[in-house]
Amino acid sequence: MKHWKTILALIFMALAIYFDWQWFWAIFILLGLLNMLKSKNIHFVEEVSRGDSPKLYWFMIVIWSLLALYSILSYLKILT
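Residues numbered from 1 in each chain as written. Predicted model: local features only at pLDDT ≥ 70, side-chain atom pairs only at ≥ 80, totals over all residues. Heavy atoms only, no water.

**Focus on the packing of aromatic side chains**
For the structure shown, the criterion picks out nine aromatic pairs. When the ring of tyrosine 18 is compared with that of phenylalanine 19, the centres are 4.8 Å apart and the planes differ by 85°; the resulting orientation is edge-to-face. What makes tyrosine 18 exposed here is its relative accessible area of 67%. Judged by its relative accessible area of 46%, phenylalanine 19 is partly exposed. On the basis of an interplanar angle of 80° and a centroid distance of 5.1 Å, the ring pair of phenylalanine 24 and tryptophan 25 is categorised as edge-to-face. According to the relative accessible area criterion, tryptophan 25 is partly exposed, its value standing at 25%. Here the aromatic cluster, defined as three or more aromatic residues joined through ring pairs, consists of Phe12, Tyr18, Phe19, Trp21, Trp23, Phe24, Trp25 and Phe28. (Phe/Tyr/Trp six-rings, centres within 6.5 Å; stacked < 30°, edge-to-face > 60°. Buried < 20%, exposed > 50% of the residue type's maximum accessible area, 1.4 Å probe, protein only.)

In structure tokens:
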């Protein structure tokens, strides 16, 4: 199967919505952040690469890091 990771992620997204798994979104954002750091590209509204737009790339990495941290702390009930 060629795109098994994508298919698995879509299945888990549907399950997370159905069962209201808040922890899933923290993991999902964190995995996306790790992929962005590994690939040095961000595919958001358009592709942003570290080589072409380093300031925008690192700004987006910071934003995604804050989103991941917020999701984790929110799930752990530290923020509420």
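Next comes the rest of the description.
**A short note on the side chain of serine 71**
Inspection of the secondary structure puts serine 71 in helix α3 (residues 54-75). Discounting residues that sit within four places of it in the chain, serine 71 has contacts with Ala26 and Ile29. (Helix = DSSP H or I, 4+ residues; strand = E, 2+ residues; numbered from the N terminus. Contact = heavy atoms within 4.5 Å.)

**Thoughts on helix α1 (residues 4-19)**
Its 16 residues give α1 an end-to-end C-alpha distance of 22 Å, which sits within 8% of 22 Å, the value for a rise of 1.5 Å per residue. Where α1 terminates, the next one or two residues include aspartate 20, which has phi positive at roughly 55°. (Expected span 1.5 Å × (residues − 1).)

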